[in-house]
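Structure assessment
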Amino acid sequence: MSYVDEVYERVIRENPSQPEFHQAVHEVLDSLRPVIDRGEAAYRRDAILERITMPERQLLFRVPWVDDSGSVQVNNAFRVQFSSAIGPYKGGIRLHPSVNLGIIKFLGFEQVFKNALTGLPIGGGKGGSDFDPKGKSDREIMAFCQSFMTELHKYIGADTDVPAGDIGTGAREIGYMYGQYKRLTGLCSGVLTGKGIACGGSPVRREATGYGLLYLTQEMLKANGHQLAGKTIAISGAGNVAIYAAQKAQQLGAKVITFSDSAGWIYDPEGVDVALLRRVKEERRTSLTAYAAERSSAVYHEGRGVFTVKCDIALPCATQNELLLCDAKALAANGCIAVAEGANMPVTAEAAEYLSGSGVLFAPGKAANAGGVAVSALEMSQNAQRLHWTFEEVDNKLQNIMSGIFTAIDSAAREYGMPGNYAAGANIAGFLKVAAAMREQGVV
Ligand code: NDP
Ligand code: 2IT
């Protein structure tokens with residue numbers, strides 16, 4: 001049996017009931033075959049694949065908090081410190097009822113390669129809880145965040161592990177967590193990113209994932225003889241990534257005609273009104289029906305359906321495994337030329353295979369959504385230097401980083417005989433960097 005297959009079997013055996021983690025590992029290991037073939041004996045001797053698929057540390061803890069009726073609630077929480085090979089563990093905190101250890105491990109694993117691609121010195125980690133922020137009062141959110149940090153603060157630090165936002169965790173939650181960290185430790189350090197501007201956050205962090213997604217998509221289109229301006233785009237999700245992806249797409253001359261949340265989706269053929277979407281989702285935190293009620297060109301549909309709409313480009317920006325084989329078939333049949341992942345692993349393995357078989361350009365999340373964590377790393381730099389850069393400075397750095405990521409994944413795909421296979425290129429380029437750092441540091 002090949003080294004790759006042996007390690008994959010071990011991952012399945014040792015991590016039962018974690019299908020998303022298996023999926024993420026399979027996708028990476030499978031595309032590393034040509035790399036491993038060039039030096040299997042040495043990779044095997046150094047146990048590089050065993051180590052890169054096994055988190056350095058996994059923390060599980062309970063989070064008790066008091067709800068508005070005075071009852072005690074308890075949630076499960078996780079922090080997976082996956083790899084510190086190239087820097088402090090870095091990755092978001094997801095607050096969603098679907099969160100479990102396997103989900104956090106898949107996200108932490110992806111983060112290791114993504115962070116390597118940014119070219120910045122950050123390792124990979126992820127955390128979260130099955131706490132559901134939906135429908136909670138501001139006081140309940142604060143109570144949860146403070147209790148969560150009361151335990152987590154023992155294991156994180158500006159030079160060890162730096163969490164940030166993800167699904168259900170935005171500037172409000174990061175603010176409460178940061179306040180509690182400071183109170184417990186007395187340290188005003190860059191221990192969390194995605195902070196509000198007033199307490200040490202970076203300009204562009206809020207916009208970074210969505211903006212970066214469009215910068216990367218633009219590079220990919222350009223390299224393949226297309227341009228973004230004039231294109232019609234279907235976006236899924238209506239959160240942080242989706243909103244700023246829509247904003248940047250429209251700034252660059254494209255038209256965004258859909259977005260969605262967990263209850264339904266909007267078709268707006270006139271082009272999304274981003275200011276209205278922000279009021280509905282960021283300020284009022286309410287249903288998308290409120291968007292349709294205030295915009296005559298918009299139609300609200302219950303359930304899922306974003307990818308059945310005819311578009312040139314699809315940007316899935318909600319959650320894992322949301323773009324299914326049937327969606328891939330509909331997109332290809334409708335003449336879609338490119339899919340870029342704003343979310344982490346939103347395209348199922350079967351859908352990704354179908355898209356590449358149909359000649360649809362595909363940018364994997366590790367590369368396409370790396371703008372968020374890249375600007376997080378820039379926030380860490382500003383915090384460490386006690387400086388504050390301007391919006392333009394950070395935005396320029398973000399554009400350069402995304403263009404560097406495209407060059408890296410494009411070259412790696414070519415070098416290993418798979419030109420245009422950006423998923424393989426991202427896995428290979430990220431892996432080579434992390435593996436080299438692991439070797440330099442010996443058996444740790
Ligand atoms: P938000 O919580 O801001 O928004 C998430 C959006 O996706 C909401 O519209 C939500 O709908 C929808 N959604 C979430 N879970 C589900 C589900 N199970 N089924 C259907 N819809 C769902 O999160 P973000 O925008 O920050 O994150 C979106 C994706 O991007 C995630 O995969 C995340 O890991 C990834 N990502 C985020 C980065 C960041 O900087 N924030 C960076 C890189 C990647 P509803 O409001 O109804 O819950
Ligand atoms: O998936 C991701 O890259 C994030 N949620 C952002 C992580 C970060 O540390 O900014």
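Up top is the structure these notes are about.
Notes on the structure follow. None of these values were measured; they are calculated from a predicted model. (Residues numbered from 1 in each chain as written. Chains lettered and ligands numbered in written order. Predicted model: local features only at pLDDT ≥ 70, side-chain atom pairs only at ≥ 80, totals over all residues. Heavy atoms only, no water.)

What follows deals with the packing of aromatic side chains. Applying the stated criterion across every chain, the model contains twelve aromatic pairs. When the ring of F21 is compared with that of F109, the centres are 6.1 Å apart and the planes differ by 90 degrees; the resulting orientation is edge-to-face. Of the two residues, F21 sits in helix α2 (residues 19-31) while F109 sits in helix α6 (residues 101-117), which places them 88 residues apart along the sequence. Taken individually, F21 and F109 each receive the classification buried, so the pair is uniform in this respect. Ring centres of F131 and F144 lie 4.0 Å apart, and the angle between their planes is 10 degrees; on these two criteria the pair is classed as stacked. With a gap of 13 residues between them, F131 in the loop between β4 (124-129) and α7 (138-152) and F144 in helix α7 connect regions that are remote in the sequence. Judged by its relative accessible area of 1%, F131 is buried. An aromatic cluster of at least three residues, connected via ring pairs, comprises F61, W65, F131, F144 and F148. For the cation-ring pair, K136 lies above F131, with the distance from its terminal atom to the ring centre recorded as 5.3 Å. Above the ring of Y211, the side-chain terminus of K248 is found at 4.4 Å from the ring centroid. (Phe/Tyr/Trp six-rings, centres within 6.5 Å; stacked < 30°, edge-to-face > 60°. Helix = DSSP H or I, 4+ residues; strand = E, 2+ residues; numbered from the N terminus. Buried < 20%, exposed > 50% of the residue type's maximum accessible area, 1.4 Å probe, protein only. Lys NZ or Arg CZ within 6 Å of the ring centre and 35° of its normal.)

Right, let's get into the site of ligand 1. In the vicinity of ligand 1 lie 25 residues, with D166, R205, T209, S262 and N344 positioned nearest. K134 has a polar side-chain atom sitting 2.9 Å from an oxygen atom of ligand 1. Interatomic distance of 2.6 Å between a side-chain N/O atom of D166 and an oxygen atom of ligand 1. Considered on its own, ligand 1 offers 890 Å² of accessible surface; in the complex 83% of this is hidden by protein. Considering only residue class, the shell around ligand 1 consists of six nonpolar, twelve polar and seven charged. (Near = heavy atom within 4 Å. Polar contact = N/O pair within 3.5 Å; in protein donor to acceptor, adjacent residues only side chain to side chain. Areas by Shrake-Rupley, 256 points an atom, 1.4 Å probe, with all protein chains shown as cover. Nonpolar A, V, L, I, M, F, W, Y, C, P; charged D, E, K, R; others polar.)

With mixed pairing, the seven strands of this open sheet are ordered in space as β9-β8-β7-β6-β10-β11-β12. Every other strand in the sheet has two partners, leaving β9 (299-302) and β12 (361-363) as the edge strands with one partner each. On average, adjacent strands in this sheet sit at an angle of 15 degrees to one another, irrespective of strand direction. Where strand β8 (residues 264-267) meets β9, four bridges bridge the pair, whose relative direction is antiparallel. Residue pairing for β9: G264 is matched across the bridge by E302. (Pairing = 2+ DSSP bridges. Axes fitted to C-alpha atoms, helices over the stretch in contact; angles between N-to-C directions.)

Looking now at unusual backbone geometry. Phi is mostly negative for residues that are not glycine, and the peptide bonds are mostly trans. Of note, A47 is a non-glycine position whose phi angle comes to about 50 degrees, a positive value. A positive phi angle, close to 55 degrees, is found at M345, a residue other than glycine. For M345, the location among the structural elements is in the loop between β11 (338-340) and α14 (349-357).

Membership of the largest hydrophobic core comes to 105 residues, with the highest contact counts inside it found for L49 and F431. Here this core gets ten residues from one element, more than from any other, and that element is α6. Residue contacts for F431: discarding those within four places in its chain leaves L32, V35, I36, Y43, I48, L49, I52 and F113. The next biggest cluster of nonpolar side chains, apart from the first, holds 22 residues, and it includes M149, Y176, Y178 and L192. (Core = buried A, V, L, I, M, F, W, Y, C linked by side-chain atoms within 4.5 Å. Contact = heavy atoms within 4.5 Å.)

Bringing the sheet that holds strand β1 (residues 57-66) into the picture now. Taken together, the five strands give an open sheet; going across it, the order is β1-β2-β4-β3-β5, and neighbouring strands pair in mixed fashion. Edge positions in the sheet fall to β1 and β5 (161-164), since each of these pairs with one other strand and no more. Across the sheet, the axes of successive neighbouring strands diverge by a mean angle of 20 degrees, strand direction being ignored. Sheet topology places strand β3 (residues 89-95) next to β4; three bridges connect them, and they run parallel.

On to the pairing of β4. One face of the sheet, then the other: side chains in a regular strand alternate in exactly this way. The buried fraction of β4 amounts to six of the six residues, a majority that puts the element mostly inside the structure. Of the two faces of β4, the one carrying G124, K126 and G128 and the one carrying G125, G127 and S129 are both buried. When strand β2 (residues 72-83) meets β4, the two strands line up antiparallel, connected through six bridges. Bridge assignment links V80 to a residue of β4, and that residue is K126. Crossover handedness for the path β3 to α6 to β4: right-handed. (Right-handed = clockwise from strand over helix to strand, strands pointing away.)

A word on the packing of α2 against α6. Contact geometry of α2 with α6 gives a least axis separation of 7 Å together with a crossing angle of 25 degrees. Judged by the angle between their axes, α2 and α6 are roughly parallel. Contacts between α2 and α6 involve E20, F21, A24, V25 and V28 on the former and, on the latter, G102, I103, K105, F106, F109, E110 and F113. Among the residues making up the contact of α2 with α6, the classes are represented as eight nonpolar, one polar and three charged. (Parallel < 35°, antiparallel > 145°, perpendicular 65-115°, else oblique.)

Within this structure, the stated rule accounts for 27 salt bridges. For the salt bridge of E379 with K195, the shortest nitrogen-to-oxygen distance reads 2.8 Å. Remark: K195 occurs in the loop between α8 (171-185) and α9 (205-223) and E379 occurs in helix α16 (residues 371-385); sequence separation between them is 184 residues. Classification of E379 as buried rests on a relative accessible area of 0%. Judged by its relative accessible area of 5%, K195 falls in the buried class. Residues joined by salt bridges that share partners form a network here, namely D5, D30 and R33. (Salt bridge = Lys/Arg side-chain N within 4 Å of Asp/Glu carboxyl O.)

What follows is about the site of ligand 2. Taken together, 14 residues sit near ligand 2, with K90, Q111, K114, D166 and S376 positioned nearest. K90 is positioned such that a nitrogen or oxygen atom in its side chain is 2.6 Å from an oxygen atom of ligand 2. Between ligand 2 and N344 there is a distance of 3.0 Å, counted from an oxygen atom to a side-chain nitrogen or oxygen. Relative to its unbound accessible area of 300 Å², ligand 2 is 94% covered by the protein chains.

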